[in-house]
Amino acid sequence: MHSVSHSRQSIHQLSTQLANQIAAGEVVERPASVIKELLENSLDAGATQIDIDIQAGGTQLIRIRDNGFGIPQDELALALSPHATSKIRSLDDLIHIESMGFRGEALASIASVSELILTSHYQDMAWSIKYKEGEFDLTPASHPQGTTVEVNNLFHNTPARRKFLKADRTEYRHVEDVVKRIALARFDVAFNFKHNQRQVFSLPVATSDENKLQRLTRLINKEFIQAAVHLNFENAGLKLSGWLATGEYSRSQSDMQYFFVNGRMIRDKVITHAVRQAFQETLFPGRFPVYVLHLEMDAEQVDVNVHPTKHEVRFRQGRLIHDFLFYSLREALAQEVGDKSGDSFKVAGKGFNAHTYSTSFNSSGFPSQHTHVSEASAAYSSLPYQNLTNNEDISKPLGLAIAKLKNDYLLAENKDGLLVLQLKQAREILVQQQIENSLATQSKLISKPVLIPFNVSIDTNAQSWLNKHETDFQQLGFEFAVLGENEIMVRQVPAMLNATDIKHSVNEYVSYIINNDSDLLPALINMIVNDDFSNSPTDWNTLLRDLEECGLDKFENCYHQISDKDLSSFFKK
Ligand SMILES: Nc1ncnc2c1ncn2[C@@H]1O[C@H](COP(=O)(O)OP(=O)(O)OP(=O)(O)O)[C@@H](O)[C@H]1O
Ligand SMILES: [Mg+2]
């Protein structure tokens, strides 16, 4: 057994070199992690061209050259020092980090476990700094605009770490993976990648759709592109874009899932869950979707200072992100399935058929928290977001809703026992009452934005139909926009519309109005009352609270109380 000496030794400060080597343990695990750090530095320096050269899987040599803004001579030594960064100045800056780096640790760590040469051109001068065993050596150099970092003999001075390296082949595969990910994150940057002097790939800047698809084909594969939907959704300060393979192409493992948040590749439970849910109906169990997705949001909405390698982040509004992703992806998938029966839009020429779906609009904001998320929230039941219901509701007269039964009843628990509510009857009375109140007090119904605006096809001229009804629709809480000759976009719906499938309901409603030329209001009440009521416990409880507020005497015939005594009498021997 390993024996530990218990005799005391004096406390002493570690040498900078040793402290850096220990810190390096966090970020510099293998050649691939060095390359990730160096590439991120180049991107932070605004590079548009990055050349990556490695030897022996990166264990002998890693050389990254960029055309970024460079480092002045008098800051070169600082760049290699621990806790030195140009990217943040104060704690406040940590709240909205827009650069990939911010810890000021990477170069110091890498330098402490390798022989590192940093060469940079800044304002017509180029200098090189060599770092070995704690010594700096600064010499004039010749270098075009930008910076080159050369890392030789990684872990030469830390044999324990070196031993953990795998065969060059394996290390190479990890490096390739990192380079691929970063190339998928930044289509606006050209990448040149060589291993043992042989070119692996050379990717030009990809601005056109065609160039992007070429890069995707090179980095993923052709099958992906053939089954891919291109999507582009924007709402409430969140922007989701990228490509998603439909059910036609999937994998037996989750190895082709690329998700970037503000350009950073991350792994995150909220995201994985939302994607899985969106695919639930189109993928067989055990199959994994393939995607390259970019989510962009205000830097303040995401905390990147969670883990040294920055692979994990924390969202300030996880629920919102989850819902936005889920609805966007599901929408893209649903449209794709719908498209199979009609015309599909092909990206110009080249035989690629990545279909594009996009919505871009400025809605007045998301529904507040989860209360008015428009569709099935039952999908989230396995998420650890169990603040859906408020336990204090149990002490209210109609209690806490716990289930929807046979689509027609709500089962609730209150202080006296159980309560069964007949949904249709109760909602009919309530909706009538709410509409009367709203129209009397503010002459319009309360409206809510739909999470993802959707399109409705109509068999009449959209513009003249809308012109005719616009003010009436607004009064009822709808907001429509003309999309095409026979198509409208739905942005807002009446807040009291709580169906499981709002899109379907609005479709039915609109076509009913067109075909029957009936009054808008009675048809709306009819639609609301006859819809499959929401699957969301939040909506159930909102309904109960609304009934109480409206006056329980109006609903006497709509619910039945089963007291605790009644309950136990069912089971008397
Ligand atoms: N390729 C580069 N071009 C221009 N400046 C660079 C480059 N690489 C590093 N630097 C400068 O050197 C500093 C230190 O880099 P380093 O990677 O150690 O820290 P960081 O990027 O600030 O933070 P992190 O440790 O999170 O990566 C950077 O803040 C930047 O100013
Ligand atoms: Mg860095």
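Numbers given for residues are sequential positions, taken from 1 along each chain in its written order. The lettering of chains begins at A and the numbering of ligands begins at 1, in the order of writing. Where totals are concerned, whole chains, interfaces and linings use all residues; where local detail is concerned, this predicted model gives features only for residues with pLDDT of at least 70, and gives and counts side-chain atom pairs only at 80 or more. Side-chain numbers here rest on the full set of heavy atoms in the structure, without hydrogens or water.

Before going further, it helps to examine the overall build of the protein chain. Looking only at helices and strands, the protein chain features 16 helices and 23 strands. Three labels apply to residues, based on accessible area from a 1.4 Å probe with only protein chains included: buried if under 20% of the type maximum, exposed if over 50%, partly exposed otherwise in between. Within the span of the protein chain, comprising 573 residues, buried residues form 49% of the whole. Every residue pair with non-hydrogen atoms within 4.5 Å of one another is taken to be in contact. Long-range pairs, those at least 24 residues apart, make up 69% of the contacts in the protein chain with a sequence separation of at least 6. Residue-level accessible areas treat just the shown protein chains as cover; the underlying method is Shrake-Rupley with a 1.4 Å probe. Taken as a whole, the protein chain presents about 28,600 Å² of accessible surface, with 48% of it coming from carbon and sulfur. Secondary structure counts use DSSP, requiring at least four H or I residues in a row for a helix and at least two E residues in a row for a strand, with both numbered from the N terminus.

A separate point is the site of ligand 1. For this purpose, a residue is taken to be near a molecule or strand whenever a single non-hydrogen atom of the residue falls within 4 Å of it. As a matter of local geometry, ligand 1 sits amid 21 residues, with Thr85, Ser86, Lys87, Glu105 and Lys310 nearest to it. Each polar contact in these results corresponds to two N or O atoms within 3.5 Å; when the atoms are within protein, one needs to be able to donate a hydrogen and the other to accept it, and residues that are neighboring in sequence are counted only if both atoms are side-chain atoms. Between ligand 1 and aspartate 66, the relevant distance is 2.9 Å, taken from a nitrogen atom to a side-chain nitrogen or oxygen of the residue. Threonine 147 places a side-chain nitrogen or oxygen 3.4 Å from a nitrogen atom of ligand 1. Notes on ligand 1: free accessible area 590 Å², of which the protein chains cover 95%. Buriedness of a pocket was judged along seven lines, with at least five required to meet protein on both sides within 12 Å; pockets are open sets of points on a 1 Å grid over the protein atoms alone, cavities are sets where a 1.4 Å probe fits but cannot get out, and lining residues have an atom within 4 Å of a point. To qualify as sitting in a cavity or pocket, a molecule needs more than half of its atoms within 2 Å of the grid points. Cavity membership is defined here by more than half of the atoms lying within 2 Å of grid points; on that basis ligand 1 lies in the second largest pocket.

Turning to the sheet that holds strand β17 (residues 400-405), a few remarks are in order. Pairing within the open sheet is antiparallel, and its 4 strands lie in the order β17-β18-β19-β23. Of all strands in the sheet, those with a lone pairing partner are β17 and β23 (559-563), marking the two edges. Averaged over all pairs of adjacent strands, the angle between strand axes in this sheet comes to 20 degrees, irrespective of strand direction. Sheet topology places β17 next to strand β18 (residues 409-414); 5 bridges connect them, and they run antiparallel. Bridge pairing links alanine 401 to alanine 412 in β18. Note on geometry: axes are lines fitted to C-alpha atoms, helical ones only across the stretch in contact, with angles between N-to-C directions running from 0 to 180 degrees. The strands touched by helix α11 (residues 423-442) within the sheet are β17, β18 and β19 (417-422), with β19 carrying the most contacts at an inclination of about 70 degrees. When DSSP finds two or more bridges between two strands, those strands count as paired.

Turning our attention to the pairing of strand β9 (residues 228-235). As a general feature of sheets, a regular strand has side chains that alternate between the two faces. The element β9 is largely enclosed, with a buried count of 6 among its 8 residues. One ladder, built from 8 bridges, connects β9 with strand β10 (residues 238-245); its direction is antiparallel. Its bridge partner lying in β10, leucine 231 is registered against glycine 242. Between β9 and β10, which pair antiparallel and follow one another directly, the connecting turn spans 2 residues, one of which, alanine 236, has a positive phi of 50 degrees.

Glancing now at the environment of aspartate 517. Within the secondary structure layout, aspartate 517 lies in the loop between α13 (502-516) and α14 (520-530). A residue is classified by how much of its surface remains accessible, and aspartate 517, at 56% relative accessible area, is exposed. Leave out the neighbours within four places in its chain, and aspartate 517 touches Lys468 and Tyr512.

This part covers a nonpolar patch on the surface. Patch membership needs two things, relative accessible area over 30% and no salt bridge, and members are linked within 9 Å if like-charged or within 5 Å if nonpolar (Val, Leu, Ile, Met, Phe, Trp, Tyr). Whenever a carboxyl oxygen of Asp or Glu lies within 4 Å of a side-chain nitrogen of Lys or Arg, that contact is scored as a salt bridge. Taken together, the side chains of Leu14, Leu18 and Ile22 define a hydrophobic patch exposed on the protein surface, amounting to about 260 Å² of accessible area. Residue position: isoleucine 22 is located in helix α1 (residues 16-27).

So, about the sheet that holds strand β8 (residues 198-203). Read across the open sheet, the 8 strands follow the order β5-β4-β3-β6-β2-β1-β7-β8; overall the sheet is mixed. Single-partner strands in this sheet number two, and they are β5 (135-140) and β8. Between one strand axis and the next, the sheet turns by 10 degrees as a mean value, whatever way the strands run. Here 6 bridges tie strand β2 (residues 61-66) to strand β6 (residues 146-152), and the two strands are oriented antiparallel to one another. Each bridged residue has a counterpart across the sheet, and for arginine 65 the counterpart in β6 is threonine 148. Those strands touched by helix α6 (residues 168-185) are β1 (49-55), β7 (190-195) and β8, and its axis lies near 175 degrees from that of β7. Sheet strands in contact with helix α7 (residues 209-219) are β7 and β8, and its direction is about 150 degrees off that of β8.

What counts as a ring pair is set by centres within 6.5 Å for rings of Phe, Tyr and Trp (its six-membered ring), and what kind of pair is set by the plane angle: stacked under 30 degrees, edge-to-face over 60, tilted for all other angles. A complete count under the given rule lists 12 aromatic pairs for this structure. Put simply, the rings of Trp465, Phe473, Phe478, Phe480 and Tyr509 touch in pairs and so form one group of aromatic residues.

So, about the layout of surface pockets. Here the largest pocket is characterised by a volume of approximately 1,000 Å³. If you go around the largest pocket, you meet 47 residues; those closest to its centre are Arg181, Gln257, Met265, Ile266 and Arg267. Mapped onto the lining of the largest pocket, the elements with two or more residues apiece are α1, α2 (31-44), α6, β11 (257-261), β12 (264-265) and α9 (269-279). Residue contributions to the lining of the largest pocket peak at 7 residues, all from α6. Class assignment of the residues belonging to the lining of the largest pocket gives a composition of 21 nonpolar, 10 polar and 16 charged. Domain borders in the structure are assigned automatically or taken from a domain database. Looking at the lining of the largest pocket, you find at least three residues from each of domain 1 (16-203) and domain 2 (209-360). Along the wall of the second largest pocket there are 33 residues; nearest its centre are Asn41, Ile71, Ala79, Ser86 and Lys87. Where the lining of the second largest pocket is concerned, the elements lending two or more residues are α2, β2, α3 (76-79), α4 (106-112) and β6. It is α2 that provides the largest number of residues to the lining of the second largest pocket, a total of 5 residues. Grid points are joined across faces, edges and corners, and a volume is the space filled by probe spheres set on the points. When residue character is reported, Ala, Val, Leu, Ile, Met, Phe, Trp, Tyr, Cys and Pro are called nonpolar, Asp, Glu, Lys and Arg charged, and the others, Gly included, polar.

Attention now goes to the environment of alanine 227. With respect to the secondary-structure elements, alanine 227 resides in helix α8 (residues 222-227). Each C-alpha atom of the pair alanine 227 and valine 290 lies 9.7 Å from the other, and the pair is 63 residues apart in sequence.

Here we come to the pattern of salt bridges. Scanning all chains against the criterion turns up 13 salt bridges. Taking the shortest distance from any N to any O, the salt bridge between aspartate 188 and arginine 186 comes out at 2.9 Å. On the accessibility criterion, arginine 186 (24% relative accessible area) is partly exposed. A salt bridge links aspartate 255 to arginine 251; the nearest nitrogen and oxygen atoms lie 2.7 Å apart. Aspartate 255 gets classed as partly exposed once you look at its relative accessible area, which sits at 31%. In this structure arginine 251 comes out as partly exposed when scored by relative accessible area, which is 22%. One network of salt bridges, in which partners are shared, links Lys36, Glu37 and Glu40.

This brings us to the side chain of aspartate 44. Among the structural elements, aspartate 44 can be located in helix α2. Setting aside anything within four residues of it in sequence, one finds aspartate 44 in contact with Phe69, Lys87, Ser99, Met100 and Gly101.

Another aspect to go through is the environment of proline 31. If you trace the backbone, proline 31 turns up in helix α2. Distance in space between the C-alpha atoms of proline 31 and glutamine 60 is 9.3 Å, their sequence separation being 29 residues. Setting aside anything within four residues of it in sequence, one finds proline 31 in contact with Gly57, Gly58, Thr59, Ile62, Leu154, Leu165, Glu171 and Val175.

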